[in-house]
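Fold and geometry: a report
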Amino acid sequence: MLPFHVSYHRRLAAAGVPHSYLLDANWRMKLRHLVPVSVLFAADLSLNNSGLAKTSVSIHVLLKATAVIWTVLLAWWLTHERPNVHTVGCCAMMVCGGTLIFAEVVHLQGLGASATLGMVFTILSSVLGSVYLVLMKRALLALRAAGITLHPTETTPLNIGFVAIFMFALVPVFEPGAFTALLLEPIPTYLVLAGGTGLTLLMKLSTIWLITRQKVASVGIIGEARIVAQILLDMLFFHKYPLNAPMVLGAAVVTAGAVLYARRRRLVNAARAAEKVALLAGPSGTDQEDDVLAD
């Protein structure tokens with residue numbers, strides 16, 4: 001991530017374009033805005049992993065799908081992104097599809113005390129994850145209003161770096177001896193950890209990139225489409241659940257909700273872009289016409 005940011009910084013510096021870069025003169029303001037949201041993300045990760053350890057991947061993913069509700073409501077409250085009927089309908093489709101799969105999973109697997117606790121952790125993680133998205137959007141907007149525009153290749157390392165510092169500092173408190181035990185792990189474990197870290201970085205980079213260009217609700221809704229891929233991978237690798245009618249129908253409804261929302265946003269964005277082009281071209285075209293007539 002850092003090499004990409006360094007390359008981006010050098011290109012802009014060579015062109016003489018003002019820009020933000022790591023540890024520049026505005027680092028205190030960046031810390032003030034990014035550290036709180038990084039703490040939220042660290043709490044989200046902790047609860048997410050705790051919930052995943054106590055329940056199945058499918059139930060965990062399905063409960064995480066409730067994040068779309070919290071994201072839309074919080075975006076409406078904190079960033080004034082009022083949802084329209086189409087947005088509410090797409091959210092309802094995704095929740096209904098997820099509920100259908102969840103009901104089938106519970107019917108096949110059942111719930112235990114440990115799974116119930118895992119469900120609580122997962123729901124709390126969903127709420128914190130939604131709060132994180134909204135507050136990250138507000139932090140980036142506040143920095144932009146102060147004349148500081150962060151590129152995703154800068155925001156992501158700062159965000160993940162603060163999260164790592166916060167979580168590593170708490171490991172000796174909540175898991176004494178964890179670092180010593182990690183040193184005794186075989187090399188394949190380190191490879192798995194490295195792969196997971198890389199995927200987390202890519203996920204966070206794409207999320208921040210979307211936050212800077214889309215509404216928070218859009219990021220939350222489109223992001224929940226991953227439920228289908230995760231359920232299918234759980235079936236493929238763990239062979240826990242059959243590919244029956246309720247599972248297929250639920251996955252289809254979730255996918256349809258995400259696709260319909262994405263299509264609607266694409267059409268709206270295209271219409272707005274065309275309107276801006278028309279507004280910019282209109283006065284200039286009129287001026288040119290008037291000049292010709294005057295000659």
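Below is a short write-up of the structure. (Residues numbered from 1 in each chain as written. Predicted model: local features only at pLDDT ≥ 70, side-chain atom pairs only at ≥ 80, totals over all residues. Heavy atoms only, no water.)

**Observations regarding the overall build of the protein chain**
Defined as follows: Only DSSP runs of H or I reaching four residues or more are called helices, and only runs of E reaching two or more are called strands; each is numbered from the N terminus. Each residue is placed in one exposure class: buried if its accessible area under a 1.4 Å probe, protein chains only, is under 20% of its type's maximum, exposed if it is over 50%, and partly exposed if it falls in between. The contact rule is simple, with two residues in contact once any of their heavy atoms fall within 4.5 Å. Only the protein chains shown count as cover for residues, with accessible areas throughout obtained via the Shrake-Rupley method and a probe of 1.4 Å.
Helix and strand counts for the protein chain come out as 12 helices and 0 strands. Counting helices and strands in the order they occur from the N terminus, the protein chain gives α-α-α-α-α-α-α-α-α-α-α-α. Out of the 295 residues belonging to the protein chain, those deemed buried represent 34%. Considering only contacts in the protein chain between residues 6 or more positions apart, those separated by 24 or more positions represent 82%. In the structure as shown, the protein chain presents an accessible area of about 16900 Å², 71% of it carried by carbon and sulfur atoms.

**A closer look at the pattern of salt bridges**
Just so we agree on the cut-off: When a carboxyl oxygen of Asp or Glu lies within 4 Å of a side-chain nitrogen of Lys or Arg, that pair is called a salt bridge.
This model, assessed by the stated rule, comprises 1 salt bridge. We note a salt bridge from E154 to K30, for which the minimum N-O separation is 2.4 Å. On the criterion of sequence distance, the pair formed by E154 in helix 7 (residues 152-174) and K30 in helix 2 (residues 27-54) is long-range, its members being 124 residues apart. Across this residue pair, the class does not change: E154 and K30 are buried.

**Things to note about helix 7**
The cut-off we apply is this: By this rule, a helix spans an expected 1.5 Å times one less than how many residues it contains.
Compared with the 33 Å implied by 1.5 Å per residue over 23 residues, the 32 Å span of helix 7 between its first and last C-alpha is a close match. Turning to helix 7, its buried residues are P152, T153, E154, T155, T156, P157, L158, N159, F162 and V163.

**Notes on the nonpolar core**
For the record, the criterion: What is meant by a nonpolar core is a set of buried Ala, Val, Leu, Ile, Met, Phe, Trp, Tyr and Cys residues, joined one to another through side-chain atoms within 4.5 Å.
Of all hydrophobic cores here, the largest spans 21 residues; its most connected members are L34, Y132, L133, M136, L150 and I211. For this core, the secondary structure elements donating two or more residues are helix 2, helix 4 (67-78), helix 6 (113-145), helix 7, helix 9 (187-213) and helix 10 (216-223). The leading source of residues in this core is helix 6, at 6 residues. Each residue touching I211, except ones within four places of it in the same chain, is listed here: L133, M136, K137, L140 and V219. Judged by nonpolar contacts, the second largest core, of 10 residues, contains V72, C90, A258 and Y261.

**Points about the packing of aromatic side chains**
Rules: Pairing of aromatic rings covers Phe, Tyr and Trp, the last counted by its six-membered ring, and requires centre-to-centre distances within 6.5 Å; plane angles under 30 degrees mean stacked, over 60 mean edge-to-face, and any other angle means tilted. For a Lys NZ or an Arg CZ to count as sitting over a ring, it must be within 6 Å of the ring centre and within 35 degrees of the ring normal.
Overall, the coordinates contain 1 aromatic pair when judged by the stated rule. A cation over an aromatic ring shows up here: K204 above the ring of F41, its NZ or CZ 3.7 Å from the ring centre.

**A closer look at the environment of T55**
Relative to the elements of secondary structure, T55 occurs in the loop between helix 2 and helix 3 (57-64). On the basis of relative accessible area, T55 is assigned to the buried category, the value being 12%. Residues T55 and G118, 63 residues apart in the sequence, show an inter-C-alpha distance of 5.5 Å.

**Digging into the side chain of T207**
Mapped onto the secondary structure, T207 falls in helix 9. Once residues lying within four places of it in the same chain are set aside, the contact partners of T207 are L133 and V219.

**Brief notes about the state of the cysteines**
This is how it is decided: For this text, the term disulfide refers to a pair of cysteine sulfurs within 2.5 Å.
This model, assessed by the stated rule, comprises 0 disulfides. Distance from the sulfur of C90, which forms no disulfide, to the nearest cysteine sulfur (C91) is 7.1 Å. Judged by relative accessible area, C90 falls into the buried class, the value being 3%.

**Describing helix 4**
Helix length check: helix 4 (12 residues) gives 16 Å between terminal C-alpha atoms against 16 Å at 1.5 Å per residue, within 8%. Buried residues of helix 4: A67, V68, T71, V72, L74 and A75, and no others. Two residues or fewer past helix 4, H80 is found with a positive phi of approximately 60 degrees.

**Here we look at the packing of helix 2 against helix 7**
Let me state the cut-off plainly: Axis definition: a line fit to C-alpha positions, over the contact stretch in the case of helices; interaxial angles, taken between N-to-C directions, run 0 to 180 degrees. Here roughly perpendicular refers to angles of 65 to 115 degrees, roughly parallel to angles under 35, roughly antiparallel to angles over 145, and oblique to all remaining angles. Each crossing gets its hand from how the near helix is turned against the far one by less than a right angle, where anticlockwise is left-handed and clockwise is right-handed. Amino acids are sorted into nonpolar (Ala, Val, Leu, Ile, Met, Phe, Trp, Tyr, Cys and Pro), charged (Asp, Glu, Lys and Arg) and polar (every other residue, Gly among them).
Running from N to C, helix 2 and helix 7 cross one another at 60 degrees; their axes reach a closest spacing of 8 Å. Judged by the inter-axis angle, helix 2 sits oblique to helix 7. Note on packing geometry: the crossing formed by helix 2 with helix 7 is right-handed. Contacts from K30, L31, L34, V35, S38, V39, F41, A42, L45 and S46 in helix 2 reach E154, L158, N159, I160, F162, V163, F166 and M167 in helix 7. Residue composition of the contact of helix 2 with helix 7, grouped by class: 13 nonpolar, 3 polar and 2 charged.

**Description of the packing of helix 7 against helix 9**
In contact at an axis separation of 9 Å, helix 7 and helix 9 are set at 125 degrees when each is read in the N-to-C sense. Judged by the angle between their axes, helix 7 and helix 9 are oblique. When the axes of helix 7 and helix 9 are compared, the crossing they make is right-handed. Contact residues: P152, T153, T155, T156, N159 and I160 in helix 7; L201, K204, L205, I208, W209 and R213 in helix 9. Split by residue class, the contact of helix 7 with helix 9 holds 6 nonpolar, 4 polar and 2 charged.

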